[in-house]
Amino acid sequence: MIKQQILAHFQQSAELKMQAAEVLAAPIAAAVELMFTALSAGNKILACGNGGSAADSQHFAAELVGRFERERLPLPAMALTTDTSIITAVGNDYSFDEIFSKQVQAFGQAGDVLLAFSTSGNSKNVLAAIDKALDRGMRVVALTGKGGGKTGEMLTEADVHICVPHDRTARIQEVHLLAIHCICDGIDVALFGEGND
């Protein structure tokens, strides 16, 4: 019984990735271009999300500051999910809804990019971060699902929306992980050209 359940997870994930590929290839490519342009101009990428999406934010920052698959100089990326003192201070003194927006206000500058994860598109603290980023002249790359929620309504034509066409959180997160790997690879290709493999 459990083996069938496991096989079903693999099958559903694989099917969604193949279905989503055509829909998401263009926005992922646009995200690569937007981020590469920002990094080339000396700007940085800030990332945020809750729960599994917080882990995705940290994963992305680690791939840029460390490396993805090629040796290169570190690239400036920062997850806004890691400083427990900032998060708990802002959450306690203000509101959990402001834990990311305060950091965007502190660290974000015009030309930077906010990478915002919300599987529903409705996470209040992510929405507040997007709002603050747009106020500061930053661009936004949003990774969502479930139709994009309020996030999709907030973005401008200069921003990028990678909305996974699915309603199940686990499946959406699996595609988000693939998308950030595609973005990291795309940035490396933009820096160095096609790989040898």
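Located above this text is the structure these notes cover.
Anyway, here's the lowdown on the structure attached to this text. (Residues numbered from 1 in each chain as written. Predicted model: local features only at pLDDT ≥ 70, side-chain atom pairs only at ≥ 80, totals over all residues. Heavy atoms only, no water.)

1. Brief notes about helix 2 (residues 52–65)
Under the convention used in this document: Strands are runs of DSSP state E lasting at least 2 residues, helices are runs of H or I lasting at least 4, and numbering of each runs from the N terminus. One fewer than the residue count of a helix, multiplied by 1.5 Å, yields its expected span. By the convention used here, residues are in contact when the closest approach between their heavy atoms is within 4.5 Å.
For helix 2, built from 14 residues, the straight-helix expectation of 20 Å at 1.5 Å per residue is met to within 8% by its first-to-last C-alpha distance of 20 Å. Close packing links the buried residues of helix 2 with helix 1 (2–40), strand 1 (45–48), strand 2 (77–79), strand 3 (113–117) and helix 7 (169–192).

2. Here we look at the packing of helix 2 against helix 7
Using the following cut-off: Throughout, an axis means a line fitted to C-alpha atoms (over the contacting stretch in the case of helices), and angles, computed between N-to-C directions, take values from 0 to 180 degrees. Just so you know how the angles are binned, under 35 degrees is roughly parallel, over 145 roughly antiparallel, 65 to 115 roughly perpendicular, and the rest oblique. Handedness of a crossing follows from how the near helix is turned relative to the far one, being left-handed for an anticlockwise turn of less than a right angle and right-handed for a clockwise one. Following the grouping adopted for this structure description, the nonpolar residues are Ala, Val, Leu, Ile, Met, Phe, Trp, Tyr, Cys and Pro, the charged ones are Asp, Glu, Lys and Arg, and the polar ones are all others, Gly among them.
In the contact formed by helix 2 and helix 7, the axes pass within 11 Å of each other and the chain directions differ by 15 degrees. By the angle between their axes, helix 2 is roughly parallel relative to helix 7. The chirality of how helix 2 crosses helix 7 is right-handed. On helix 7, the residues that touch Gly52, Ser53, Asp56, His59, Phe60, Glu63 and Leu64 of helix 2 are Gln173, His176, Leu177, Ile180, His181, Ile183, Cys184 and Ile187. Here the residues of the contact of helix 2 with helix 7 are counted per class, giving seven nonpolar, six polar and two charged.

3. Comments concerning the packing of aromatic side chains
Quick note on the threshold: Aromatic contacts are taken between Phe, Tyr and Trp rings whose centres are within 6.5 Å, Trp giving its six-membered ring; a plane angle under 30 degrees counts as stacked, one over 60 as edge-to-face, and the others as tilted. In this analysis the charged atom, NZ for Lys or CZ for Arg, is taken to sit over a ring once it is within 6 Å of the ring centre and within 35 degrees of the ring normal.
The full count for this structure, using the stated rule, is zero aromatic pairs. Lys102 extends its terminal NZ or CZ atom over the ring of Tyr94, reaching a point 4.0 Å from the ring centre.

4. Describing the packing of helix 1 against helix 7
Viewed as axis vectors pointing N to C, helix 1 and helix 7 meet at an angle of 40 degrees, and their least axial separation amounts to 7 Å. Compared by their axis directions, helix 1 and helix 7 come out oblique. The two elements helix 1 and helix 7 meet at a crossing, and its hand is right-handed. Only Arg171, Glu174, Val175, Leu178, Ala179, Cys182, Ile183, Gly186, Ile187, Ala190 and Leu191 of helix 7 make contact with helix 1, whose side of the interface consists of His9, Gln12, Ser13, Leu16, Lys17, Leu24, Ile28, Ala31, Val32, Met35, Phe36 and Leu39.

5. Regarding the sheet that holds strand 1
Threshold: A pair of strands is considered paired only if DSSP assigns at least 2 bridges between the two.
Taken together, five strands build an open sheet; the order of strands is 2-1-3-4-5 and the sheet is parallel. Looking at the sheet topology across the chains shown, the edges are occupied by strand 2 and strand 5 (160–164). When the angles between neighbouring strand axes are averaged without regard to direction, this sheet yields 15 degrees. With five bridges connecting them, strand 3 and strand 4 (residues 139–145) associate as parallel partners. Directly across from Leu115, in strand 4, lies its bridge partner Val141. Helix-sheet contacts for helix 1 involve strand 1, strand 3, strand 4 and strand 5, and the interaxial angle to strand 5 is about 155 degrees.

6. A few points about unusual backbone geometry
With phi around 55 degrees, Lys146 is a residue other than glycine that occupies positive phi space. Among the structural elements, Lys146 can be located in the loop between strand 4 and helix 6 (149–154).

None of this, on its own, says anything about what the molecule does.
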